[in-house]
Amino acid sequence: MEPLAKHRQRQAWLLAARPRTLPLACASILLGTGLAASAEAFNAGVLLLALLTAIALQVLSNLANDYGDAASGADDQARIGPVRTVSSGLLSPQAMRRGMVVTATAAALLGLLLLVTAFGNQWKPLLAFLLLGAVALVAAVTYTVGLGGKPYGYRGLGDISVFVFFGLLGVLGTYYLYTQQLNGLALLPAAACGLLATAVLNVNNVRDIESDARNGKITLAVRLGRAKAIHYHWALLGLALLLTFIYLLVKPVPLAGWSCLLVAKPLADAARTLRHSRDGEVLTGMLKKTAISTLLYSILLSVGLAFF
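Predicted model, so just to flag it, every value in this text is computed and none were measured.

A. Local environment of the packing of aromatic side chains. Applying the stated criterion across every chain, the model contains 5 aromatic pairs. The interplanar angle of 55° and the centroid separation of 5.2 Å between the aromatic rings of phenylalanine 119 and phenylalanine 129 together place this pair among those described as tilted. Residue phenylalanine 119 is found in helix H4 (residues 93-119), and its partner phenylalanine 129 is found in helix H5 (residues 123-142); the two are separated by 10 residues along the sequence. Neither residue differs from the other here; phenylalanine 119 and phenylalanine 129 are each classed as buried. Through a chain of ring-to-ring contacts, the aromatic side chains of Phe119, Phe129 and Tyr176 assemble into a single cluster.

As structure tokens, then:
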């Protein structure tokens with residue numbers, strides 16, 4: 001293969017992996033780590049492997065979305081979001097399937113190494129997390145690829161999946177990897193993290209509501225309609241901040257941890273823009289703003305818990 005062709009192929013794979021989505025995949029890992037550090041439990045190996053596993057799963061989901069949207073015809077010329085490599089012809093469906101297999105294998109191996117590092121020869125929690133890992137792999141692929149040709153992302157169930165995997169399981173699962181125990185109070189920031197991640201998805205779905213409806217991709221935003229989807233968005237943000245406020249009061253959390261509430265302003269600014277604008281490029285900017293704010297929320301709360 002010529003050097004130029006190799007470069008173009010590398011660029012196509014980088015485009016398909018959608019690196020801008022990867023920091024958000026790390027938010028729940030960082031928050032779970034901060035919660036564990038506040039309980040005086042930390043393992044650098046667990047942190048590194050948990051981050052790598054989360055990134056591999058997110059890349060797998062992105063590749064599967066690229067492939068699934070092309071296979072189902074959900075992409076069209078009016079699409080606003082990032083270029084899909086299969087539907088645009090940059091990568092073949094066969095190449096994308098191979099890439100998905102390689103990425104899924106890497107995620108499985110990283111996850112297994114993570115569990116061995118966290119649990120050693122404790123086979124009961126190891127088996128339980130192996131099952132959760134298998135569910136995460138299946139969920140990453142079937143969001144738009146589906147089982148039996150029925151992607152759950154096209155039936156308005158994506159929000160539930162994001163809330164569970166980027167919130168409850170992501171945060172509480174990470175906490176358990178360090179501590180080998182659960183903490184009921186940690187459910188509050190875990191749920192808040194999941195709600196904020198769901199808000200990121202909702203910005204994406206409101207932006208794409210017309211093209212998704214036209215192509216049969218029935219997201220929750222499509223089911224609700226634009227006006228109700230924006231009310232839903234405010235509810236996600238409000239509940240996330242309320243749960244966080246309750247946690248900060250009950251814990252109690254050092255003053256530095258309260259800085260996580262500073263994200264309320266950029267989140268609200270993005271939500272107001274979502275309500276008033278239908279411009280695709282503007283809403284893409286609000287999508288990024290909401291995602292960055294969610295990551296910043298996890299970092300600020302984690303740092304406050306771990307170091308102050």
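Here the narrative resumes, following the displayed structure.
B. Representation of helix H12 (residues 280-307) in the model. Along its 28 residues, H12 runs 40 Å from first to last C-alpha, staying within 8% of the 40 Å computed at 1.5 Å per residue. In this structure aspartate 279 caps H12, since a side-chain oxygen of it lies 3.0 Å from the backbone nitrogen of glutamate 281.

C. Fine view of the nonpolar core. Ranked by internal contacts, the top residues of the largest apolar core, which has 48 residues, are Leu31, Leu35, Phe119, Leu177, Tyr297 and Leu301. Top element by residues in this core is helix H7 (residues 187-207). It accounts for 8 residues. Once you skip the residues sitting within four places of it in the chain, tyrosine 297 turns out to touch Leu31, Pro189, Ala192, Cys193, Leu196, Thr244, Cys260 and Val263.

D. Inspection of unusual backbone geometry at higher detail. A cis amide bond links lysine 251 with the next residue in sequence, proline 252, at an omega value of -15°. Tracing the chain through its elements places proline 252 in the loop between helix H10 (226-250) and helix H11 (264-276). Positive phi values are uncommon outside glycine, yet arginine 18 reaches one of about 50°. Position of arginine 18 relative to the elements: it lies in the loop between helix H1 (3-17) and helix H2 (22-38). One non-glycine residue, glutamate 40, lies in the positive phi region at around 60°. For glutamate 40, the location among the structural elements is in the loop between H2 and helix H3 (44-72). For glutamate 40, a relative accessible area of 78% gives the class exposed.

E. Local environment of the pattern of salt bridges. Tallied over the full model, the rule gives 3 salt bridges. The salt bridge involving aspartate 269 is made with lysine 265; its shortest N-O contact spans 2.9 Å. Placement of both aspartate 269 and lysine 265 in helix H11 is noted, with a separation of 4 residues, approximately one turn of the helix. With a shortest N-O distance of 2.4 Å, arginine 272 and aspartate 269 are connected by a salt bridge. Note that arginine 272 and aspartate 269 are positioned in helix H11 at a spacing of 3 residues, about one turn of the helix. On the accessibility criterion, aspartate 269 (18% relative accessible area) is buried. Because the salt bridges share partners, they merge into one network encompassing Lys265, Asp269 and Arg272.

F. Geometry of the environment of glycine 285. Here glycine 285 shows up in helix H12. With relative accessibility at 28%, the residue glycine 285 sits in the partly exposed group. Taking the C-alpha atoms as reference points, glycine 285 and aspartate 208, 77 residues apart in sequence, are found 14 Å from one another.

G. Structural view of the side chain of threonine 219. Along the chain, threonine 219 falls in the loop between helix H8 (209-214) and helix H9 (220-224). Leaving out residues up to four positions away in the same chain, threonine 219 has contacts with Gly153, Gly156, Asn205 and Asp212.

Calculation criteria
Residues numbered from 1 in each chain as written. Predicted model: local features only at pLDDT ≥ 70, side-chain atom pairs only at ≥ 80, totals over all residues. Heavy atoms only, no water. Phe/Tyr/Trp six-rings, centres within 6.5 Å; stacked < 30°, edge-to-face > 60°. Helix = DSSP H or I, 4+ residues; strand = E, 2+ residues; numbered from the N terminus. Buried < 20%, exposed > 50% of the residue type's maximum accessible area, 1.4 Å probe, protein only. Expected span 1.5 Å × (residues − 1). Polar contact = N/O pair within 3.5 Å; in protein donor to acceptor, adjacent residues only side chain to side chain. Core = buried A, V, L, I, M, F, W, Y, C linked by side-chain atoms within 4.5 Å. Contact = heavy atoms within 4.5 Å. Salt bridge = Lys/Arg side-chain N within 4 Å of Asp/Glu carboxyl O.

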